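Each chain is listed here by its residues.
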Amino acid sequence: MSWARPLVLGRLVRLAWLLPLAAVGLFTLISLAPIDPVQAYVGDRTALVGSDQRAAIAAAWGLDRPATERFGAWLGGVAQGDLGRSITYDAPVSEVIARRVPASLALIGTAFVTSFVVGTGLGIAAATARGGVGDRILRSLAVVLSASPGFWIAILLIAVFAIALGWLPSCCAAPPGLTLAEVGIGDRLRHLVLPVATLSVVGTAPLILHTRQRLVVFLDGPAAQHLRAHGLTERRIAFGAGLRHAVGPALNLHLAGAGELFGGSVLAETVFAWPGLGQATARAATGADAPLLMGIGLSTLLLVFCGNLAADIAARIADPRLRHPRP
Amino acid sequence: MTAIELLSRGPGRARTSRHPAWRGAVAGGLVLLIMAGAALLPPAWLDLDIHAVGVPPGPWHPAGTDSLGRDVAARTLAALSVSVTVGLTAAIASTAIALALGLAASMGRGADHVVGVLTELVLGLPHFVLLIMVAFATGGGTTGVIVAVALTHWPRLARLLRHEAQGVAASDYVAVSRALGRSRLWVARHHLAPHLLPQVVAGFVLIFPHAILHEAGLSFIGLGIEPHLPSVGVMLAQSLREIIAGHWWVALAPGLGLVIVALAFERFGEALRQAAAAPGGTG
């Protein structure tokens, strides 16, 4: 793995300048917002809160100081591991994120694996049937799915499977009214099905098209011709040598798109009231929760960074030619 | 890389794709139909009707009515015209940013680095998270959506244009032109512009479907178009409460309309991109 160290080091250097720049950029964006956080916090209770109390709230959050000073204070806090205090959840930002990451990770992780298996499998199936009816159906499906908003698919899934058929729950990560200990693994899995299905759609469509395209090249090439001459069936070529040929680039593409899964999870978690980081993102934005938005922005930056790094490592593991790029 | 881009590469295509003009006619016709339909729509059709609350699709209400008795089909049409307007404005702005930054990056090393850092920053966050941040910074609303979409969709096209522009600038025929005493402006007009124009047009058409889908997403979580205006995202957000009562039709039409428009433009853009990339093609 001698090739891995320069790659990782190079990326860490890039992260070292990207992170501060992104922090400044995000802080600038968020302090530009015309939404008054005090008003967002007071909300319906406008009649109950006087101007003195508003000023007191603003002072408690440090909103009466100029933006540069607030950025300095925020940066000082971050250096000590303090990301500030979330307004909407009334808890430290790091605690909110830490509490919500597991739910999001379960959702995104399951969707990641599901869409990878389904996308690659269907892509290979389409390539095997290239030019035929099955191929055309699969490709049309992938194209339509890639032009569909994920949250609309989520609503349709709820309408069909939760309301009309009544098979699956439409909300939350567990049945309401139960404590964490009372929730069985079966309940958890049942609640996971529809959100995962929604989120998987986001990653499946490009994978189908990508895998199919790569495999068609392989199946029409000399290596497959050779295998055919040895008497292997088309299916064995596709799911044997073909799979090995296609899986590396597919994993690379899929990992590089892992950040987009988080974007999809913002909408999916909003639809399903899933208690994860995506839902918190939407709430923080509508509730003018600047500290939480900063924290989420920086965490997702790290997520994208890790996804891209993992993608490059996966590509090099799958294809040794990439390990030592010619200068 | 978008899904559709992958469709066209390499061998094994089931059939040769149709001429871009056909798909352009489909996409353009669709937009005209939506805009004309929304403009001609009697305002009364968008009003509440307490005598027709939660009516399933039928001859009077082809897509049913919602819990306030509003006709879903009429509202969808009005919402799509808003989507198209927002999408076109944002896509034009984003294309302009991509063109400006792509050209700037091909001018010199310093500018190239700056554009590279900007691109890294924009691509460093998940796309939808960045959209939320920008929409939040501008205070949401229609303007906020347009700014958010415009500021986040340029990197891919900018990279492509930068690559193309650098290729042209390094080519022999530009060197010959310069040696023959042609001015930079002449070279830009006669060598660079014909090369970039098809890419810009294809890029613009491909940004458009993403723009309308992201607009709907932002409106859905409440950071987009104001709730009193008809918009697909807001309609779908409101439909969440209605499908619990079994009123599935409230969600069906708006989403379907959006998918049809997005699909028409993706296919049109893909055909254009193919034509633009073809060696010795229409470019």
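Please read all numbers here as calculations on a predicted model, not as lab measurements.

S.K.: Sorry, what's going on with the overall build of chain B here?
M.R.: Secondary structure summary: chain B contains 11 helices and 0 strands in total. Along the chain direction, N to C, the helices and strands of chain B fall in the order α-α-α-α-α-α-α-α-α-α-α. The C-alpha extent of chain B, read off along each of the three principal axes, is 80 × 45 × 35 Å. Buried positions account for 51% of the 283 residues belonging to chain B. Look at the contacts in chain B between residues 6 or more apart in sequence, and 71% of them connect residues 24 or more apart. For chain B, the computed accessible surface area is about 12800 Å², with 68% contributed by carbon and sulfur atoms. Of the charged side chains in chain B, 18 are positive and 14 negative, and the gap between their average positions amounts to 14 Å.

S.K.: Help me out: how do you make sense of the overall build of chain A in this one?
M.R.: Across its full length, chain A holds 13 helices and 2 strands. With respect to the principal axes defined by its C-alpha atoms, chain A has extents near 85 × 60 × 35 Å. Relative to its 327 residues, chain A shows a buried fraction of 44%. Of the contacts formed within chain A by residues at least 6 apart in sequence, a portion of 71% connects residues at least 24 apart. Only carbon and sulfur atoms are counted for the fraction: they give 66% of the accessible area of chain A, which is about 15600 Å². Each charge class in chain A can be summarised by its mean position, and for the 26 positive and 18 negative side chains these summaries are 15 Å apart.

S.K.: I'm lost on the pattern of salt bridges in this one. Help?
M.R.: Oppositely charged side chains can pair when the atoms bearing their charge come close. Overall, the coordinates contain 10 salt bridges over all chains when judged by the stated rule. With a shortest N-O distance of 3.0 Å, A:D220 and A:R130 are connected by a salt bridge. With a gap of 90 residues between them, A:D220 in the loop between α8 (185-219) and α9 (222-229) and A:R130 in the loop between α5 (93-128) and α6 (133-146) connect regions that are remote in the sequence. Exposure remark for A:R130: the relative accessible area of 25% places this residue in the partly exposed category. The closest approach of N and O atoms between B:R162 and B:D112, which form a salt bridge, is 2.7 Å. Remark: B:D112 occurs in helix α4 (residues 109-124) and B:R162 occurs in helix α7 (residues 155-169); sequence separation between them is 50 residues. One network of salt bridges, with partners in common, ties together A:R130, A:D220, A:R228 and A:E234.

S.K.: Looking at this structure, I do not really get the environment of B:G257. What am I missing?
M.R.: Along the chain, the position of B:G257 falls in helix α11 (residues 249-277). Taking the C-alpha atoms as reference points, B:G257 and B:T76, 181 residues apart in sequence, are found 7.3 Å from one another.

S.K.: Help me understand the packing of helix α2 (residues 20-40) of chain B against α11(B), please; the structure alone is not making it clear to me.
M.R.: Helix-helix packing is characterised by the crossing angle of the two axes and by the distance between the axes. All names here are of chain B. Relative orientation of the contacting elements α2 and α11 amounts to 150°, with a least axis distance of 8 Å. By the angle class used here, α2 and α11 are roughly antiparallel. Two packed elements cross with a definite hand, and for α2 against α11 that hand is left-handed. Residue-level contacts link P20, R23, G24, V26, A27, L30, V31 and I34 of α2 to I260, V261, A264, F265, R267, F268, A271, L272 and A275 of α11. Looking at side-chain class alone, the contact of α2 with α11 contains 14 nonpolar, 1 polar and 2 charged residues.

S.K.: Help me understand the nonpolar core, please; the structure alone is not making it clear to me.
M.R.: Ranked by internal contacts, the top residues of the largest apolar core, which has 132 residues, are A:V271, A:L292, B:L218 and B:F220. No other element matches helix α9 (residues 184-220) of chain B, which puts 14 residues into this core. Those residues in contact with A:V271 that sit more than four places away from it in its chain are A:F151, A:A154, A:I155, A:I158, B:F220 and B:L240. Membership of the second largest hydrophobic core comes to 10 residues, among which are A:A127, A:L219, A:A238 and A:A246.

S.K.: Help me understand the environment of B:G246, please; the structure alone is not making it clear to me.
M.R.: Residues and elements named next belong to chain B. Along the chain, G246 turns up in the loop between α10 (232-243) and α11. Accessibility expressed as a relative area gives 27% for G246, which makes it partly exposed. Counting along the chain gives 192 residues from G246 to G54, while the straight-line C-alpha distance between them is 9.6 Å.

S.K.: Would you mind going over the UniProt feature "transmembrane region" (unreviewed entry) in chain A with me for this structure?
M.R.: Residues and elements named next belong to chain A. As annotated by UniProt and renumbered to match this structure, "transmembrane region" (unreviewed entry) occupies residues 12-35, 105-129, 141-168 and 188-209. Counting secondary structure, residues 105-129 comes out at 96% helix and 0% strand; the distance between its end C-alpha atoms is 35 Å. End C-alpha to end C-alpha, residues 188-209 measures 32 Å, and it is 100% helix and 0% strand.

S.K.: Would you take a moment to explain the packing of aromatic side chains for this structure?
M.R.: The geometry of two aromatic rings is summed up by the distance between their centres and the angle between their planes. Residues and elements named next belong to chain B. One pass over the full model with this rule turns up 4 aromatic pairs over all chains. An angle of 80° between the planes, with centres 5.6 Å apart, marks the rings of W248 and W249 as edge-to-face. Taking the ring centre of W186 as reference, the NZ or CZ of R182 above it sits at 4.2 Å.

S.K.: Is there a simple way to explain helix α10 (residues 234-256) of chain A in this structure?
M.R.: Helical periodicity: at 3.6 residues per turn, an α-helix aligns residues three or four positions apart in one direction. Residue and element names in this part refer to chain A. Look at α10: 31 Å from first C-alpha to last across 23 residues, which is about the 33 Å you get at 1.5 Å a residue. Along α10, the residues that are buried comprise I237, A238, G242, A246, G248, A250, H254 and L255. Close packing links the buried residues of α10 with α5, α8, α9, α11 (258-272) and α13 (290-318).

S.K.: I keep staring at the interface of chain B and chain A and nothing clicks. Help me out?
M.R.: In many reports, interface size means the accessible area that the parts give up when they come together. Opposite the 50 residues of chain B that make contact, chain A presents 54 residues. Surface buried jointly by chain B and chain A totals about 4500 Å² across both partners, of which 81% is contributed by carbon and sulfur atoms. Linking chain B with chain A are 1 salt bridge, by the criterion used here. Across the salt bridge formed by B:E120 and A:R14, the nearest N and O atoms sit 3.3 Å from each other. Breaking the side of chain B that touches chain A down by element, the ones donating at least two residues are α1 (3-7), α4, α5 (127-137), α9, α10 and α11 of chain B. Top element by residues in the side of chain B that touches chain A is α11(B). It accounts for 9 residues. Grouping the constituent residues of the side of chain B that touches chain A by class yields 35 nonpolar, 11 polar and 4 charged.

S.K.: Could you clarify how one ought to interpret the UniProt feature "domain: ABC transmembrane type-1" (unreviewed entry) in chain B in this entry?
M.R.: Per the UniProt entry, the sites bearing "domain: ABC transmembrane type-1" (unreviewed entry) are residues 80-269 of chain B in this numbering. Taken end to end, residues 80-269 of chain B is 83% helix and 0% strand, and its first and last C-alpha atoms sit 19 Å apart.

S.K.: So what exactly am I meant to see when it comes to the packing of α4(B) against α7(B) here?
M.R.: Residue and element names in this part refer to chain B. At a closest axis distance of 10 Å, the pairing of α4 and α7 adopts a crossing angle of 155°. Between α4 and α7, the angle falls in the class roughly antiparallel. Seen along the crossing, α4 lies across α7 with a hand that is left-handed. Only P155, R159, R162 and Q166 of α7 make contact with α4, whose side of the interface consists of D112, T119, V122 and L123. Residues of the contact of α4 with α7, tallied by class, amount to 3 nonpolar, 2 polar and 3 charged.

S.K.: What's the story with the side chain of A:S86 in this structure? I'm lost.
M.R.: Residue and element names in this part refer to chain A. Position of S86 among the secondary structure elements: in strand β1 (residues 85-86). Here S86 falls in the buried class, since its relative accessible area comes to 2%. Here the side chain of S86 touches Y89 through a polar contact of 3.1 Å, landing on its backbone nitrogen. Side chain to side chain, S86 and D289 meet in a polar contact 2.6 Å long. If near-sequence neighbours (up to four positions away) are discounted, S86 is found in contact with A91, P92, V93, V96, D289 and L292.

Thresholds applied
- Residues numbered from 1 in each chain as written.
- Chains lettered and ligands numbered in written order.
- Predicted model: local features only at pLDDT ≥ 70, side-chain atom pairs only at ≥ 80, totals over all residues.
- Heavy atoms only, no water.
- Helix = DSSP H or I, 4+ residues; strand = E, 2+ residues; numbered from the N terminus.
- Buried < 20%, exposed > 50% of the residue type's maximum accessible area, 1.4 Å probe, protein only.
- Contact = heavy atoms within 4.5 Å.
- Areas by Shrake-Rupley, 256 points an atom, 1.4 Å probe, with all protein chains shown as cover.
- Lys, Arg positive; Asp, Glu negative; His and termini not counted.
- Charge placed at Lys NZ, Arg CZ, Asp CG, Glu CD.
- Salt bridge = Lys/Arg side-chain N within 4 Å of Asp/Glu carboxyl O.
- Axes fitted to C-alpha atoms, helices over the stretch in contact; angles between N-to-C directions.
- Parallel < 35°, antiparallel > 145°, perpendicular 65-115°, else oblique.
- Left-handed = near helix turned anticlockwise from the far one by under 90°.
- Nonpolar A, V, L, I, M, F, W, Y, C, P; charged D, E, K, R; others polar.
- Core = buried A, V, L, I, M, F, W, Y, C linked by side-chain atoms within 4.5 Å.
- UniProt positions renumbered as here; feature names shortened; annotations may be inferred.
- Phe/Tyr/Trp six-rings, centres within 6.5 Å; stacked < 30°, edge-to-face > 60°.
- Lys NZ or Arg CZ within 6 Å of the ring centre and 35° of its normal.
- Expected span 1.5 Å × (residues − 1).
- Buried area = accessible area lost by both parts, 1.4 Å probe.
- Polar contact = N/O pair within 3.5 Å; in protein donor to acceptor, adjacent residues only side chain to side chain.

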